[in-house]
Amino acid sequence: MSRRTILALSGAATAALALTAASLPWTIAAPRAVAFAERDLARRYGLGLSAAGPATLTLLPAPSLSFSRVRLRRGDHDLVESAGLQVQLGLAGLLAGRAEVTGLVLDRARIALPDGAAADWAEPAARLAARVAAGRGRHLRRLVLVDATLSGRDPRTGTRETVTGLNLVATWPRPSAGLDLSAAFTWRGVPATLTVSGLRPPALAAGAETPLTAALTWAAGPGAEGGAAGSAEIEGSLVWAGTTASADGATAGPRLSGQGRFATPALPRTLAWLGLEPGPAALAGPVSFEGRFTARPGGVEWPEIRVQLGDSRLEGAAALAVVRGRFSVSGTLAAERLDLSGLLPEAEPDGGWSRAPLGLDALTQGDLDLRLSAASARLGALEAQDVAAGLLVRDGTVEATLGRATVQGGTVKGRAALAALPAGLDARLQGSADRVDLGGLFADLGWPRWILGRGQGSAVLDTAGSSLADLVGRLDGRAVATVEGGEILGLNLADLAQRPDTAALALRRGGRTHFERARVSLTLNDGIAEIGQGQVRGGGVTASLGGRVFLAERRLGAEARIEAGGEGRPAGRFAIEGPWLRPVLRPLAARDPLPSPTLPTAASAYAP
């Protein structure tokens with residue numbers, strides 16, 4: 001073997017041994033290694049470093065110092081405790097005999113922000129921002145957290161919040177490149193992931209605008225109280241305003257604008273996970289929205305927004321502000337089709353009024369000023385067109401206004417004002433209808449179509465109670481309804497007046513009665529409607545109606561007097577009793593005095 005070959009093989013072996021040795025960790029004196037790395041951390045960020053365990057040096061694939069049982073501190077205050085720390089070093093600085101920290105990897109770190117820690121973190125953050133803005137020296141190119149725990153106090157509530165299982169990788173390879181960050185963590189029992197890209201730290205530190213793309217996703221939390229899954233995405237630009245307030249009076253802080261998207265299948269549960277009172281959002285189910293926005297400390301504005309609420313899609317503008325810790329939302333939205341059926345209470349199995357407790361606490365934790373318009377809208381079985389409505393929520397009060405709506409060819413308007421009581425709520429209702437097709441309305445509601453014609457009416461009502469059953473049972477007010485040129489289906493009043501004995505079969509036999517005008521007025525007191533004026537005229541028949549409607553029990557206790565033909569003919573008198581949608585007719589003997597309508601046991605207090 002030639003000398004040249006031997007030298008080549010020896011050189012290769014030496015290089016291989018050197019590479020192997022450089023790739024292996026070498027245990028070194030911990031105090032000297034700590035002092036070496038601490039000099040750069042103190043110079044750049046004002047941080048001190050201590051380690052209770054051994055230190056190791058690795059040269060390849062990149063120079064690094066590793067420590068165990070580490071503390072990062074400022075002065076006498078510990079800011080970070082970590083089971084392990086790897087300090088990545090720049091090769092050029094290492095060859096020159098000085099430390100240049102280019103990356104940090106913290107293993108099982110506990111990062112706490114206890115009371116008063118804001119000042120401790122302020123100097124490192126200020127030094128970092130100043131160095132980044134000035135472009136001085138080498139920057140921290142990589143930060144990694146493995147299974148870290150981050151804790152601090154919520155500035156809104158003062159309660160302790162903890163993020164666990166935090167795995168974070170932040171990379172910034174060179175000053176001209178963007179910063180990329182990805183993180184996975186668990187907060188309040190809900191796993192979540194966060195990604196950020198495109199952020200330019202020098203521009204942000206200098207108060208200039210930087211592009212930003214961010215996405216946050218979270219899974220459903222365990223149990224019924226856990227948050228619902230969801231996602232939020234942002235693509236836009238970010239600028240950090242200085243401490244001087246801007247011309248529009250806004251405070252200093254971040255300004256974010258661009259396109260955003262948010263989606264969750266259960267908005268109330270998501271807000272509860274975030275520690276926010278759902279307020280009027282308690283009525284919502286699946287929600288998503290997207291659009292152009294501008295966010296600044298204390299508020300967000302969407303000059304263009306598209307909202308998906310269940311099966312309804314709305315477009316318009318909206319704004320959200322935080323005033324003294326209270327959310328205030330305003331918006332003007334329009335939809336081709338709007339389904340509000342979710343606002344209706346669930347029907348009771350027995351068909352009665354619900355006794356579930358009612359209150360406004362869940363709805364009035366925030367303020368809402370919402371104006372809605374829709375080409376068509378549905379509320380349960382009721383269909384309407386050309387709807388213009390509004391919802392106003394203030395502390396302890398809710399006001400819903402129906403400016404107009406077309407229902408079965410007629411116009412409907414109304415207003416409902418609800419106010420919180422110590423137990424339950426106070427309700428004031430008023431409404432009017434004009435030229436509504438009653439036959440079509442009854443068909444939509446699934447009621448028997450016993451009357452045809454176009455009706456008009458008005459009502460002014462008020463009540464108070466802790467449940468829907470209480471509200472109905474304490475209803476007071478007045479109402480009036482009139483139908484012109486209509487028809488009663490299933491009953492011939494002229495035949496009934498001449499043959500009262502057929503009353504039991506009259507509704508089964510069918511028939512119809514044309515009339516020129518029908519009118520009824522009601523006076524309500526504690527859930528009982530007194531029929532003050534009830535009359536039907538036309539087709540040679542005059543019928544008058546008196547008695548009571550028991551709203552709580554959904555039944556009638558009334559009496560009708562029917563006259564057919566000219567004067568002098570005997571009048572038939574009939575009791576109308578039973579469920580109000582399917583009453584029973586019973587003839588009354590002519591010699592019997594007019595009895596008072598039978599009262600139910602529950603209403604015995606109203607008996608004369």
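Cut-offs and rules
- Here the residue numbers are simple positions, counted from 1 along each chain's written sequence.
- Per-residue local features are limited, in this predicted model, to residues with pLDDT of at least 70; the limit for side-chain atom pairs, both in listing and counting, is 80 or more; totals at the level of whole chains, interfaces and linings are taken over all residues.
- Calculated side-chain values reflect all of the structure's heavy atoms, with hydrogen atoms and water omitted.
- Criterion for a salt bridge: a side-chain nitrogen of Lys or Arg within 4 Å of a carboxyl oxygen of Asp or Glu.
- Segments assigned H or I by DSSP are reported as helices when at least four residues long, segments assigned E as strands when at least two residues long, and all are numbered from the N terminus.
- Accessible area is worked out with a 1.4 Å probe on protein chains only. A residue is then buried under 20% of its type maximum, exposed over 50%, and partly exposed in between.
- Given a helix with a known number of residues, its expected span is that number minus one, times 1.5 Å.
- Here the bend at a residue is taken as the angle between two axes, fitted respectively to the seven residues that end there and the seven that start there.
- Contact criterion: two residues are considered in contact whenever any of their non-hydrogen atoms come within 4.5 Å of each other.
- Each pair of strands is called paired provided DSSP finds at least two bridges between the two strands.
- The definition of a polar contact used here is a pair of N or O atoms within 3.5 Å, where within protein one atom must be able to donate a hydrogen and the other to accept one, and adjacent residues in sequence count solely through side-chain atom pairs.
- Note on ring pairs: Phe, Tyr and Trp rings are taken, using the six-membered ring of Trp, and paired if centres are within 6.5 Å. Classes follow the plane angle, with under 30 degrees stacked, over 60 edge-to-face and the rest tilted.
- In plain words, nonpolar cores are sets of buried Ala, Val, Leu, Ile, Met, Phe, Trp, Tyr and Cys residues tied together by side-chain atoms within 4.5 Å.
- Confidence scores per residue from the predictor, reported as pLDDT, run from 0 to 100.

Engineer: Looking at this structure, how should I read the pattern of salt bridges?
Structural biologist: Two side chains of opposite charge can pair, provided their charged atoms sit close to one another. Here the structure, examined in full by the defined rule, presents 20 salt bridges. A salt bridge links R44 to D40; its shortest N-O distance comes to 3.1 Å. You can see R44 and its partner D40 sitting in helix α2 (residues 30-45), four residues apart, about one turn around the helix. For R44, a relative accessible area of 2% gives the class buried. The exposure class assigned to D40 is buried, which follows from its relative accessible area of 2%. For E81, the salt bridge is made with R71, and the minimal N-O distance between the two is 2.8 Å. With E81 in strand β5 (residues 77-89) and R71 in strand β4 (residues 64-74), the pair connects residues that are 10 residues apart, well separated along the chain. Here the salt bridges do not stand alone but share partners, grouping R71, D78, E81 and R110 into one network.

Engineer: Just to check I follow, could you spell out α2 for this structure?
Structural biologist: Every α-helix winds through 3.6 residues per turn, so residues three or four apart in the chain are directed the same way. Compared with the 22 Å implied by 1.5 Å per residue over 16 residues, the 21 Å span of α2 between its first and last C-alpha is a close match. Along α2, the largest kink reaches about 25 degrees and is centred on E38. In the stretch just after α2, G46 is the one whose phi turns positive, near 70 degrees.

Engineer: What is the right way to read the environment of R269 from this model?
Structural biologist: Within the element layout of this structure, R269 appears in helix α6 (residues 267-273). Remark: the alpha-carbon pair of R269 and A220, spanning 49 residues in sequence, is separated by 9.4 Å.

Engineer: Would you take a moment to explain the side chain of T513 for this structure?
Structural biologist: Structurally, T513 can be placed in strand β25 (residues 512-525). A relative accessible area of 5% means that T513 is categorised as buried.

Engineer: Please explain the environment of T401 as it appears in this structure.
Structural biologist: Within the fold, T401 resides in strand β20 (residues 397-407). Its relative accessible area of 32% is what places T401 among the partly exposed residues. Considering only alpha carbons, one finds T401 and A388, 13 residues apart in sequence, at a separation of 8.6 Å. Residues within four places of T401 in sequence aside, it is in contact with A388, A389, G390, G414 and R415.

Engineer: Help me out: how do you make sense of the pairing of strand β15 (residues 299-309) in this one?
Structural biologist: Taken residue by residue, a regular strand's side chains alternate between the two faces of the sheet. With nine bridges connecting them, strand β14 (residues 287-296) and β15 associate as antiparallel partners. Across the sheet, residue R296 finds its bridge partner in β15, namely G299. Where β14 folds back on β15, the antiparallel hairpin that results is connected by two residues, among which G298 adopts a positive phi of roughly 95 degrees. Two strands pair when backbone bridges link them, and β15 and strand β16 (residues 312-323) are joined in this way by nine bridges, in the antiparallel orientation.

Engineer: What am I meant to see in the side chain of R573 here?
Structural biologist: When you line up the elements, R573 lands in strand β29 (residues 572-579). Relative accessible area serves as the criterion here: at 8%, R573 is assigned to the buried category. At a separation of 3.3 Å, a polar atom in the side chain of R573 contacts the side chain of E559.

Engineer: Would you mind going over unusual backbone geometry with me for this structure?
Structural biologist: Positive phi values are uncommon outside glycine, yet R69 reaches one of about 50 degrees. Relative to the elements of secondary structure, R69 occurs in strand β4. The backbone of R435 sits at a positive phi, close to 60 degrees, despite the residue not being glycine. Along the chain, the position of R435 falls in strand β22 (residues 425-437). For R435, a relative accessible area of 46% translates into the label partly exposed.

Engineer: Sorry, what's going on with the packing of aromatic side chains here?
Structural biologist: By convention here, two paired aromatic rings are described through the distance between centres and the angle between planes. Counted according to the given criterion, the structure contains five aromatic pairs. Between the aromatic rings of F289 and W302, the centroid separation amounts to 5.6 Å while the plane-to-plane angle is 80 degrees, which identifies the pairing as edge-to-face. On the criterion of sequence distance, the pair formed by F289 in strand β14 and W302 in strand β15 is long-range, its members being 13 residues apart. Ring centres of F442 and W450 lie 6.3 Å apart, and the angle between their planes is 45 degrees; this geometry places the pair in the tilted category. Classification of W450 by relative accessible area gives partly exposed; the value is 45%. Taken together, the aromatic side chains of W218, F262, F289 and W302 make up a single cluster linked through ring pairs.

Engineer: I tried to follow the nonpolar core on my own but got confused; where do I start?
Structural biologist: A general feature of soluble globular proteins is that nonpolar side chains tend to end up buried together. L333, L493, F515 and I562 are the most contacted members of the largest nonpolar core, which totals 68 residues. Filtering out sequence-adjacent residues up to four positions away, L333 remains in contact with I305, V307, L314, E315, G316, A317, L370, R371, L372 and S373. Core analysis: the second largest hydrophobic core is formed by 42 residues, A55, F67, A148 and F262 among them.

Engineer: What's the story with helix α7 (residues 438-445) in this structure? I'm lost.
Structural biologist: Listed in full, the buried residues belonging to α7 are L438, G439, G440, L441 and F442. Elements in contact with the buried residues of α7: β19 (382-394), β20, β22, β23 (451-465) and β24 (476-489). N-capping of α7 is provided by D437, with a side-chain oxygen placed 3.2 Å from the backbone N of G439. Positive phi appears at G446, one or two residues downstream of α7, with a value of about 80 degrees.

Engineer: I'm lost on the confidence of the model for the protein in this one. Help?
Structural biologist: Low pLDDT means the predicted coordinates in that region are not meant to be read closely. Confidence in the prediction for the protein averages 81 pLDDT; 80% of positions are at 70 or higher. Long-range and interchain partners of residues 243-249, a stretch whose pLDDT sits below 50, account for four contacts in this model, where long-range means more than four residues apart. In this model residues 591-608 is a low-confidence stretch, pLDDT under 50, and it forms 24 contacts with partners more than four residues away in sequence or in other chains.

Engineer: Just checking my understanding: could you explain the pairing of β23 for this structure?
Structural biologist: As defined by bridge partners, β22 adjoins β23 across 11 bridges and the pair is classed as antiparallel. Directly across from D437, in β23, lies its bridge partner R454. Alignment of β23 against β24, held across 11 bridges, turns out to be antiparallel. Residue R454 lies in a different strand from β24, and its bridge partner there is E484.

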